[in-house]
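What follows is each chain in one-letter form.
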Amino acid sequence: QLQLVESGGGLVEPGGSLRLSCRAPRTITSVFNTATLGWFRQGPGKQRELVAEMPTGGGTNYADSVKGRFTISRDNSRKTIYLQMSGLKPEDTAVYYCHGRWSGREYWGEGTLVTVSS
């Protein structure tokens, strides 16, 4: 029910900015609008971790490591969520995954690589 496609990854220098997008073009609008959506990441040799999410009931949650630097948002009319990242650090290097949770099931995108390096 939730088919998620990420884009926007790439190479950026420390201190730079990048915006990730996650589209759900073939998802029914009512499903998208009522799903909990967010971003996870998995760095080299690390476990996958939550970066930011928007619960169904509203509000946003962020990992402590990205608070004040990353902003998650959604555009229901486009069935898209975004992750605006600024002040990027080398430790932000990871594959970033779009994640959705709806009706007790979890859904994942294939991931997009973000590399922060000079």
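Structural notes, computed from the coordinates. (Residues numbered from 1 in each chain as written. Predicted model: local features only at pLDDT ≥ 70, side-chain atom pairs only at ≥ 80, totals over all residues. Heavy atoms only, no water.)

Turning our eyes to something else, we now look at the side chain of Thr27. Tracing the backbone through its elements, the reader meets Thr27 in the loop between strand E3 (18-23) and helix H1 (29-34). When neighbours within four sequence positions are excluded, Thr27 is seen to be in contact with Gln1, Leu2, Gln3, Phe32 and Lys79. (Helix = DSSP H or I, 4+ residues; strand = E, 2+ residues; numbered from the N terminus. Contact = heavy atoms within 4.5 Å.)

What follows concerns the state of the cysteines. Considering all chains together, one arrives at 1 disulfide under this definition. Between the sulfur atoms of Cys22 and its disulfide partner Cys98 the distance amounts to 2.0 Å. Linking Cys22 and Cys98, the disulfide has an S-S dihedral of approximately -85 degrees and is accordingly described as left-handed. Pair noted here: Cys22 is in strand E3 and Cys98 is in strand E9 (residues 94-102), with a separation of 76 residues, a long-range link. Accessibility classification places Cys22 together with Cys98 in one group, the buried group. (Disulfide = S-S within 2.5 Å. Buried < 20%, exposed > 50% of the residue type's maximum accessible area, 1.4 Å probe, protein only.)

The 4 strands are arranged E1-E3-E8-E7 in an open sheet whose pairing can be described as antiparallel. Each edge of the open sheet carries a strand with a single partner, namely strand E1 (5-7) and strand E7 (70-75). In this sheet, adjacent strand axes meet at a mean angle of 15 degrees when their direction is disregarded. Pairing geometry for E3 and strand E8 (residues 80-85), over 6 bridges, is antiparallel. Each bridged residue has a counterpart across the sheet, and for Arg23 the counterpart in E8 is Thr80. (Pairing = 2+ DSSP bridges. Axes fitted to C-alpha atoms, helices over the stretch in contact; angles between N-to-C directions.)

What follows deals with the packing of aromatic side chains. One pair of aromatic rings is described through two measures. These are the centre distance and the angle between the planes. As enumerated under the stated definition, the model contains 2 aromatic pairs in all. Ring centres of Phe40 and Trp108 lie 5.0 Å apart, and the angle between their planes is 70 degrees; this geometry places the pair in the edge-to-face category. Note that Phe40 is positioned in strand E4 (residues 36-42) and Trp108 in strand E10 (residues 105-108), a separation of 68 residues in sequence. Trp108 gets classed as partly exposed once you look at its relative accessible area, which sits at 36%. A ring pair is formed by Tyr97 and Trp108, whose centres lie 6.4 Å apart and whose planes are at 90 degrees; its orientation type is edge-to-face. Of this pair, Tyr97 sits in strand E9 while Trp108 sits in strand E10; the two residues are 11 residues apart in sequence, bridging distant segments of the chain. On the basis of relative accessibility, which here comes to 14%, the residue Tyr97 falls in the buried class. Following the ring pairs from residue to residue traces out a cluster consisting of Phe40, Tyr97 and Trp108. (Phe/Tyr/Trp six-rings, centres within 6.5 Å; stacked < 30°, edge-to-face > 60°.)

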